[in-house]
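Tertiary structure, described
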Amino acid sequence: MREISSLELYRIAHELSFLEGSYLRKFYETGKGEFELLFYKSEPYFVYVKLLKSVNLTKYVSGHEKATQFAMQIRKRLENRKLEKVYQYNTDRILIFEFGEYKLILEMFAKGNLILVDKEMKIIAPYKRIEYKERKIDYNELYKFPARGEVQSTGKLIAVLSKKFDMGPIYVEDAILRHGLRPDENIENIDAKKMEELEEYISGLRERALESKPLLYIKEQEYSLFPLEKYKGSEAKEYDSLSSLLDDFYISERGKEEKEEDKEREAIRKSIEQQKALIEKLEEEEKTYREIAEMILYNINELNELIDYIKRSRKPSVEELNAISGKIKVKGIDLKNKRVKVEVSS
């Protein structure tokens, strides 16, 4: 499933702004890259976070197990603190929960991250410790927002406009289609007046994003803040808020990555157990063959004498061989296949 776009995060920040003035009662880590924040403002409100995918109010509260180390670090600083502000950083896929001297920064791009910083922007607790080319996310490092890349002036229409406006490819693509253009057209081939109209339309999407009723496209398993041209005529369910749409959309995904990892771990565990059993078997066989080799070496002279006698004799019997073999007991002879079965003792 796709990542949340900058435009959708802008809408979410607006929808969650009513929580400003509430108090954070609990912070839970519920799965890999999944969290729940319990706020209280005359009544409890749970906010669900799935890195890269969603931030939303939820009615599907998870079963909360023992707090992880990361969750304890967040609780230590933020529990019972007042949420002063919820906002998006510029037009980036970054959502910030501000608690006085602390900020909880949610990065919904790259590998996704959740980072607690103090008033000096020093990192107190990173969910993931990552080093990028121009910034480092780690304990006691100064947090730096990602630098903005240069906007291209040539190339595919959708690539250039997605970079320039940072709304999300799905909305830029829709704007292009609505203006009778192809997303893969080269921007330098577009008429200047047409480009001006297109860019003006895209610029107005942020205002539209706060007023629209989000849609969930049933068959396509896709969602959008407003009707998409390419899904015109498709069955869609309308929601009053993006938060409630995302809550329904991702309910089947909750804990899925954690469960998949559990399956992988179980498969690895079984593989290790099988390998251990095989090693034990091979070690046991090695011990047996080593004992046989030692016994042969111990009786090598007698065995050689027995072999020489058999070569000299035409058809020796078992009794005849036992009479001259000493402590080596002959159990059987197969002259046709040149085999003699013996029993030796140490």
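Since this is a predicted model, take the numbers as computed values, not measurements.

**So, the overall build of the protein**
- Helix and strand content of the protein: 10 helices and 16 strands.
- Compactness check: the protein gives a C-alpha radius of gyration of 36 Å against a globular reference of 20 Å for 346 residues, more than 25% above the reference.
- On the principal axes, the C-alpha backbone points of the protein span a range of 110 × 55 × 40 Å.
- Taken across its 346 residues, the protein has 40% of its residues classed as buried.
- Across the protein, the mean location of the 64 positive side-chain charges is 4 Å away from that of the 66 negative side-chain charges.

**As for helix 7 (residues 242–249)**
- Within helix 7, 6 of the 8 residues are buried, which leaves the element mostly enclosed by the surrounding structure.
- Residues of helix 7 that are buried: L242, S243, L245, L246, D247 and F249.
- Looking at the buried positions of helix 7, the neighbouring elements they touch are helix 1 (6–16), strand 4 (54–57), strand 12 (215–217) and strand 13 (222–224).

**Thoughts on a negative patch on the surface**
- A surface patch of negative charge is lined by E273, E280, E283, E284, E285, E291 and E294.
- Here E285 lies in helix 8 (residues 256–298).

**Here's the deal with the nonpolar core**
- Ranked by size, the top nonpolar core spans 65 residues in total, and within it V55, L95, F97, L104 and L161 carry the most contacts.
- In contact with L161, other than residues within four places in its own chain, are D166, V172, I176, I187, M195, L198, E199 and I202.
- Residues I105, V117, M121 and Y143 belong to the second largest nonpolar core, which totals 11 residues.

**Some thoughts on a nonpolar patch on the surface**
- Where nonpolar side chains cluster on the molecular surface, the patch consists of Y289, I292, I296 and I300 and spans about 370 Å² of accessible area.
- The greatest single-element share of the nonpolar patch, amounting to 3 residues, is contributed by helix 8.
- In this structure, Y289 sits in helix 8.
- Y289 sits in the exposed class, given a relative accessible area of 56%.

**Description of the sheet that holds strand 9 (residues 123–126)**
- Spatially, 5 strands are ordered 5-6-7-8-9 in an open sheet, and the strand pairing comes out antiparallel. Only two strands of the sheet have a single neighbouring strand rather than two, namely strand 5 (85–88) and strand 9. Across the sheet, the axes of successive neighbouring strands diverge by a mean angle of 20 degrees, strand direction being ignored.
- With 3 bridges joining them, strand 8 (residues 113–117) and strand 9 adopt antiparallel strand pairing.

**Let's talk about the packing of aromatic side chains**
- Following the criterion strictly, the structure yields 14 aromatic pairs and no others.
- Pairing Y171 with F226 gives two aromatic rings, centres 5.4 Å apart and planes at 65 degrees, and the pair type is edge-to-face. A residue pair is termed long-range when its members are at least 10 positions apart, and Y171 in helix 4 (residues 169–178) and F226 in the loop between strand 13 and strand 14 (236–238) qualify at 55 residues. One exposure class covers both Y171 and F226, and it is buried.
- With centroids separated by 5.2 Å and ring planes inclined at 70 degrees, the aromatic side chains of Y223 and F249 adopt a geometry described as edge-to-face. One end of the pair, Y223, is in strand 13; the other, F249, is in helix 7, with 26 residues separating them in the sequence.
- Using a relative accessible area of 6% as the deciding quantity, one classes F249 as buried.
- A network of ring pairs unites the aromatic residues F27, F35, F70 and Y127 as a single cluster.
- One cation-aromatic arrangement involves R2 over Y223; the distance from NZ or CZ to the ring centre is 4.0 Å.
- Above the ring of F226, the side-chain terminus of R208 is found at 4.1 Å from the ring centroid.

**Here we look at helix 5 (residues 192–203)**
- Between its first and last C-alpha atoms helix 5 spans 16 Å; for 12 residues at 1.5 Å apiece the expected length is 16 Å, and the two agree.
- When we look at burial in helix 5, the residues that qualify are M195, L198 and I202. Relative to the axis of helix 5, the buried residues are bounded by an arc of 65 degrees and lie together on one face. Of the residues in helix 5, the exposed ones pointing more than 90 degrees away from the buried face are K193, E196 and E200.
- Elements in contact with the buried residues of helix 5: helix 3 (157–165), helix 4 and helix 6 (205–209).
- For helix 5, the N-terminal cap is D191; the gap from its side-chain oxygen to the backbone nitrogen of K193 is 3.1 Å.

Basis of the calculations
- Residues numbered from 1 in each chain as written.
- Predicted model: local features only at pLDDT ≥ 70, side-chain atom pairs only at ≥ 80, totals over all residues.
- Heavy atoms only, no water.
- Helix = DSSP H or I, 4+ residues; strand = E, 2+ residues; numbered from the N terminus.
- Rg over C-alpha atoms; globule rule 2.2 N^0.38 Å.
- Buried < 20%, exposed > 50% of the residue type's maximum accessible area, 1.4 Å probe, protein only.
- Lys, Arg positive; Asp, Glu negative; His and termini not counted.
- Charge placed at Lys NZ, Arg CZ, Asp CG, Glu CD.
- Contact = heavy atoms within 4.5 Å.
- Patch = residues over 30% accessible without salt bridge, like charges linked within 9 Å, V, L, I, M, F, W, Y side chains within 5 Å.
- Areas by Shrake-Rupley, 256 points an atom, 1.4 Å probe, with all protein chains shown as cover.
- Salt bridge = Lys/Arg side-chain N within 4 Å of Asp/Glu carboxyl O.
- Core = buried A, V, L, I, M, F, W, Y, C linked by side-chain atoms within 4.5 Å.
- Pairing = 2+ DSSP bridges.
- Axes fitted to C-alpha atoms, helices over the stretch in contact; angles between N-to-C directions.
- Phe/Tyr/Trp six-rings, centres within 6.5 Å; stacked < 30°, edge-to-face > 60°.
- Lys NZ or Arg CZ within 6 Å of the ring centre and 35° of its normal.
- Expected span 1.5 Å × (residues − 1).
- Arc of directions from axis to C-beta.
- Polar contact = N/O pair within 3.5 Å; in protein donor to acceptor, adjacent residues only side chain to side chain.

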